[in-house]
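As a plain string of letters, each chain reads:
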Amino acid sequence: RKEVEQDPGPFNVPEGATVAFNCTYSNSASQSFFWYRQDCRKEPKLLMSVYSSGNEDGRFTAQLNRASQYISLLIRDSKLSDSATYLCVVNPNTGNQFYFGTGTSLTVIP
Amino acid sequence: DGGITQSPKYLFRKEGQNVTLSCEQNLNHDAMYWYRQDPGQGLRLIYYSQIVNDFQKGDIAEGYSVSREKKESFPLTVTSAQKNPTAFYLCASRGTGLPNYGYTFGSGTRLTVV
């Protein structure tokens, strides 16, 4: 079983739509969680950390469900500039390595 | 500004040739990593280092070598033993101590075998 699994998509949504991505992780002892954004042919950039109580940054909301071992990212009022691949990243707390999902592709359509 | 710099941006390697990818950071981070990304695939860990003069193999270390002589620098050598080296290589660093501290990535090196 993979450490981190994501639905690869693609998700094609109209501007202004709300879209949600989920990511599951296998190690229940995992301590920290992140969402990264990766534009085509660029490096991943940290979008937001995911905290136990959930957290929001503008149009983006991240949630953690420890019981079901998944994290989610909600994007409200989608913009064309939100088009990218979103990577789920988990620190399994078994060393210093983080594990990356394969990414979910989002295209926001005018 | 603090950051992590990779060079070159593009690199072409002939069959049987060793090449070295540079990674330098001025973030005072202890941990540094090398990942490989193939089209449509996730990041796979090649090597990582948590402290100077120490490094560990990741999931796909065969055909690669690294050194960590300085805190700021973590070069990756792609040897001729790596049979399929064409990929996007990403270097990352991370401050240790706080579990919610994420990675910072360099802008990557695209390696192509010609």
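### Some words on the overall build of chain B
Move 1: When you go through chain B residue by residue, the secondary structure sums to 0 helices and 11 strands.
Move 2: Going from N to C terminus, chain B has its helices and strands arranged as β-β-β-β-β-β-β-β-β-β-β.
Move 3: Taken over the C-alpha trace, chain B has a radius of gyration of 13 Å; the compact-globule value for 114 residues is 13 Å, and the two agree within 12%.
Move 4: Overall size of chain B, expressed as C-alpha extent along the three principal axes, is 40 × 25 × 25 Å.

### Brief notes about unusual backbone geometry
Move 1: Of note, the bond from Gly9 of chain A into Pro10 of chain A is cis; its omega dihedral lies within 30 degrees of zero at 10°.
Move 2: Locating Pro10 of chain A in the fold gives a position in the loop between β1 (4-6) and β2 (11-14).
Move 3: A cis amide bond links Ser7 of chain B to the next residue, Pro8 of chain B, at an omega of -5°.
Move 4: Within the fold, Pro8 of chain B resides in the loop between β1 (4-7) and β2 (10-13).
Move 5: Positive phi outside glycine occurs at Asp77 of chain A, with the angle close to 50°.
Move 6: Position of Asp77 of chain A relative to the elements: it lies in the loop between β8 (70-75) and β9 (84-91).
Move 7: One non-glycine residue, Asn28 of chain B, lies in the positive phi region at around 60°.
Move 8: Locating Asn28 of chain B in the fold gives a position in the loop between β3 (19-25) and β4 (31-37).
Move 9: Accessibility expressed as a relative area gives 56% for Asn28 of chain B, which makes it exposed.

### So, a nonpolar patch on the surface
Move 1: Taken together, the side chains of Tyr10, Phe12 and Val114 of chain B define a hydrophobic patch exposed on the protein surface, amounting to about 350 Å² of accessible area.
Move 2: As for its position among the elements, Val114 of chain B is in the segment after β11 (109-113).

### Observations regarding the state of the cysteines
Move 1: Applying the stated criterion to the full structure yields 2 disulfides over all chains.
Move 2: With its sulfur 1.9 Å from that of its partner, Cys23 of chain A forms a disulfide with Cys88 of chain A. Judged by the sign of its S-S torsion, about -70°, the cystine formed by Cys23 of chain A and Cys88 of chain A is left-handed. Linking Cys23 of chain A in strand β3 (residues 19-25) with Cys88 of chain A in strand β9, this pair joins segments that are 65 residues apart in sequence. The same class applies to Cys23 of chain A as to Cys88 of chain A, namely buried.
Move 3: Across a sulfur-sulfur distance of 1.9 Å, Cys23 of chain B and Cys91 of chain B are joined as a disulfide pair. Handedness here is read from the sign of the S-S torsion; for Cys23 of chain B and Cys91 of chain B, about -75°, the answer is left-handed. Highlighted residues: Cys23 of chain B in strand β3 and Cys91 of chain B in strand β9 (residues 87-94), separated in sequence by 68 residues.
Move 4: A residue is classified by how much of its surface remains accessible, and Cys91 of chain B, at 0% relative accessible area, is buried.

Conventions we followed
Residues numbered from 1 in each chain as written. Chains lettered and ligands numbered in written order. Predicted model: local features only at pLDDT ≥ 70, side-chain atom pairs only at ≥ 80, totals over all residues. Heavy atoms only, no water. Helix = DSSP H or I, 4+ residues; strand = E, 2+ residues; numbered from the N terminus. Rg over C-alpha atoms; globule rule 2.2 N^0.38 Å. Buried < 20%, exposed > 50% of the residue type's maximum accessible area, 1.4 Å probe, protein only. Patch = residues over 30% accessible without salt bridge, like charges linked within 9 Å, V, L, I, M, F, W, Y side chains within 5 Å. Areas by Shrake-Rupley, 256 points an atom, 1.4 Å probe, with all protein chains shown as cover. Salt bridge = Lys/Arg side-chain N within 4 Å of Asp/Glu carboxyl O. Disulfide = S-S within 2.5 Å.

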